[in-house]
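# Structural overview
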Amino acid sequence: MPIYHLRCDCGHETELRCKMDEVIKCPCGKEMQRVPAGGSFQLKGGGWYADGYSR
Ligand SMILES: [Zn+2]
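Another aspect to go through is the environment of Arg34. Here Arg34 shows up in strand β3 (residues 33–35). Separated by 27 residues in sequence, Arg34 and Arg7 have C-alpha atoms that sit 6.3 Å apart. Looking at Arg34, its side chain comes within polar contact range of the main-chain oxygen of Lys19, at 3.0 Å. Within the local environment of Arg34, its side chain forms a polar contact with the backbone oxygen of Met20, the two atoms lying 3.4 Å apart.

Here you go:
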């Protein structure tokens, strides 16, 4: 299984091995969203921006 980087609206982020169609819930109760690796959304080195943007 691939490792996905998951992110929630509340700002919680985690990396997890899971199935592609598996729904992962954040501890806050919301559904977490997969952050595509190597996509246009840059997470590495841009985490501060992503965090600031969500608030
Ligand atoms: Zn959350």
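Read on, since the account is not over.
To continue, consider the pattern of salt bridges. One pass over the structure, following the stated rule, counts one salt bridge. Close ionic contact of Arg7 with Glu13 constitutes a salt bridge, the shortest N to O distance being 3.3 Å.

Glancing now at the coordination of the zinc ion. Coordination sphere of the zinc ion, protein contribution only: Cys8 (SG), Cys10 (SG), Cys26 (SG) and Cys28 (SG), at 2.2 to 2.3 Å. Coordination at the zinc ion is tetrahedral: its four donor atoms span angles of 103 to 120° at the metal. Between consecutive donors of the zinc ion, the numbers of intervening residues give the motif C-x1-C-x15-C-x1-C. Here the residue Cys8 occupies a position in the loop between β1 (3–7) and β2 (13–17), and Cys28 occupies one in the loop between β2 and β3, the gap between them amounting to 20 residues.

Conventions adopted
- Along each chain, the written sequence defines residue order, and numbers are assigned to residues from 1.
- This being a predicted model, a pLDDT of at least 70 is required before a residue's local features are given, and a value of 80 or more before pairs of side-chain atoms are given or counted; all residues contribute to the totals for chains, interfaces and linings.
- By convention in this description, side-chain values take in all heavy atoms of the structure and omit both hydrogens and water.
- Helix and strand definitions follow DSSP, with helices as H or I runs of at least four residues and strands as E runs of at least two, each counted in order from the N terminus.
- Polar contacts, as counted here, are pairs of nitrogen or oxygen atoms within 3.5 Å of one another; within protein the pair requires one atom able to donate a hydrogen and one able to accept it, and residues that are adjacent in sequence qualify only if both atoms are side-chain atoms.
- Note on definitions: salt bridges are taken to be side-chain nitrogens of Lys or Arg within 4 Å of carboxyl oxygens of Asp or Glu.
- Distances define the donors: N, O and S atoms within 2.8 Å of the metal qualify, as do those within 3.2 Å of Na, K or Ca. Water is excluded, so some sites may look unfinished.
- Working rule for geometry: tetrahedral if four donors all subtend angles between 85 and 135 degrees; square planar for four, octahedral for six, if opposite donors exceed 155 degrees and the others stay between 65 and 115; irregular in every other situation.

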